[in-house]
Amino acid sequence: MDLRQLSYFVAAAEERNLGRAAERLHMSQPPLTRQIKALEEEVGAQLFERAPRGMLLTQAGEALLQDARDIFGLVDQAADRARRVGSGETGRIDVGLHGSAMFGVVPQLLARFSQAHPEVEVSLHHGQTPQQVVAIRQRRVLVAFERMVPLDADLAVELVARERLLVAMSDAHPFAGRESVPVALLRDQPIVTASSRSAPAITLRLCRNAGFEPRFSGQAGDLVMATLMTGISRQLALVPQSMANLQLPGVTYVPLEAGSEEAFMEVHCFYRKDEASPVLQRMLEVVREFGSQARTVR
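Residues numbered from 1 in each chain as written. Predicted model: local features only at pLDDT ≥ 70, side-chain atom pairs only at ≥ 80, totals over all residues. Heavy atoms only, no water.

K.L.:
What's the story with the overall build of the protein chain in this structure? I'm lost.
P.N.:
Counting its regular elements, the protein chain contains 9 helices and 13 strands. A compact globule built from 298 residues should have a C-alpha radius of gyration of about 19 Å, whereas the protein chain, at 32 Å, is more than 25% larger. Reported as C-alpha extents along the three principal axes, the dimensions of the protein chain are approximately 105 × 35 × 30 Å. For the protein chain, with 298 residues in total, the buried portion stands at 47%. If you take every contact in the protein chain between residues at least 6 apart in sequence, the share linking residues at least 24 apart comes to 74%. Split by element, the accessible area of the protein chain, about 15,200 Å² in all, is 50% carbon and sulfur. Placing the 33 positive and 35 negative side-chain charges of the protein chain at their respective mean positions leaves the two points 4 Å apart. (Helix = DSSP H or I, 4+ residues; strand = E, 2+ residues; numbered from the N terminus. Rg over C-alpha atoms; globule rule 2.2 N^0.38 Å. Buried < 20%, exposed > 50% of the residue type's maximum accessible area, 1.4 Å probe, protein only. Contact = heavy atoms within 4.5 Å. Areas by Shrake-Rupley, 256 points an atom, 1.4 Å probe, with all protein chains shown as cover. Lys, Arg positive; Asp, Glu negative; His and termini not counted. Charge placed at Lys NZ, Arg CZ, Asp CG, Glu CD.)

Listed below in structure tokens is the structure:
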């Protein structure tokens, strides 16, 4: 039994007349008759009874008709599901996350993606950049969002957003009551940074452009730990806007005033250059739209 035979049977069962069924199927009646007889032999039961005005289904025929309709319904569902998966409308995307980007920009972006593609399951995986690179290469993660950009030739990197810088400090710090902190006030202040390439570089550039060398007092594992350090000491940390969503005990955030300088931290996403997943393409569409609308987060 195959789908072609079932389609012949369904047409005959619904038309109750072999002539009309053959016309509906765009075939002559004799081949249709042979197909119905072959199906009855294969099933091992009579499917139709002759009647004065056509054909009637036997109990076996009624049962087969119901199952045949269910089968064609499943076939249609399978084709539709395959089409939607193939176009990225449904399925699953595994996303890598790490650091302060988790507290602002990336959740906003993922929420927008879920609104646009409600049938795609988003699964989150936490890990530092080296771990995310391995996971992407093994296709356990399709895309990762980070501030630290990998330099690997097999990975594509796209800018997601730039976030304005804040100065994180203790509630007891003399700057805590200010509306903003000019870069010049960072002179001689102890500054703790994250152990990434970008965080010390940004601080160094801003301070040198203001005419002094920053006083680095330590290095934390990431921006979250650097911010936590400011709450228990007199150290300062330059952090992105997202960190303001993380209310740590004893920590205050004050906007950094950099004048005409570009004072921001970037969020990027990265993924395999040869990754052909349709659902990744849908995610990248949202990333690019998000970036064009909110390139700099204030």
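There's more to say after this.
K.L.:
Is there a simple way to think about the nonpolar core in this case?
P.N.:
Most often, soluble globular proteins have nonpolar side chains that are buried together. One finds M169, L186, L206, V239, Y253 and L256 to be the most contacted residues of the largest nonpolar core, which totals 34 residues. If you tally residues by element for this core, the top one is strand β6 (residues 155–170), at 5 residues. The contact partners of L206, leaving out residues within four places of it in the chain, are L165, V183, L238, L256, A258, E261, E262 and A263. V95, L109, L110 and A161 belong to the second-largest nonpolar core, a separate cluster that totals 26 residues. (Core = buried A, V, L, I, M, F, W, Y, C linked by side-chain atoms within 4.5 Å.)

K.L.:
Mind showing me how you'd approach the side chain of T193 here?
P.N.:
Considering the arrangement of structural elements, one finds T193 in strand β8 (residues 190–194). Taking relative accessible area as the criterion, T193 reaches 6% and is therefore assigned buried. With residues up to four places along the chain from it excluded, the contact list for T193 reads P200, T203, F216, G218, Q219, A220 and A226.

K.L.:
Sorry if this is basic, but what is going on with helix α1 (residues 3–15) here?
P.N.:
Every α-helical turn comprises 3.6 residues, leaving residues that sit three or four positions apart pointing alike. For α1, built from 13 residues, the straight-helix expectation of 18 Å at 1.5 Å per residue is met to within 8% by its first-to-last C-alpha distance of 18 Å. Buried within α1 are the following residues: Q5, L6, Y8, F9, V10, A11, A12 and A13. Two or three places before R4, at the opening of α1, D2 has a side-chain oxygen 3.1 Å from that residue's backbone nitrogen. R16, located one to two residues past α1, shows a positive phi value of around 60°. (Expected span 1.5 Å × (residues − 1). Polar contact = N/O pair within 3.5 Å; in protein donor to acceptor, adjacent residues only side chain to side chain.)

K.L.:
In this structure, what is going on with the pattern of salt bridges? I would like to understand it.
P.N.:
Any two side chains of opposite charge can pair if their charged atoms end up close together. Counted according to the given criterion, the structure contains 17 salt bridges. Across the pair E163 and R147 runs a salt bridge, and its minimum N-O distance is 2.5 Å. Taken as a pair, E163 in strand β6 and R147 in the loop between β5 (143–146) and β6 lie far apart in primary sequence, 16 residues in all. Exposure class is identical for E163 and R147. Each is buried. Each of E14, E15, R20, R24 and R69 takes part in a single network of salt bridges with overlapping partners. (Salt bridge = Lys/Arg side-chain N within 4 Å of Asp/Glu carboxyl O.)

K.L.:
Explain the environment of V43 here, please?
P.N.:
For V43, the position within the fold is in helix α3 (residues 29–43). When its relative accessible area of 37% is taken as the criterion, V43 is described as partly exposed. The spacing of V43 and L64 is 21 residues in sequence and 9.4 Å in space, taken between C-alpha atoms. Contact partners of V43, with chain neighbours within four places excluded, come to M1 and L64.

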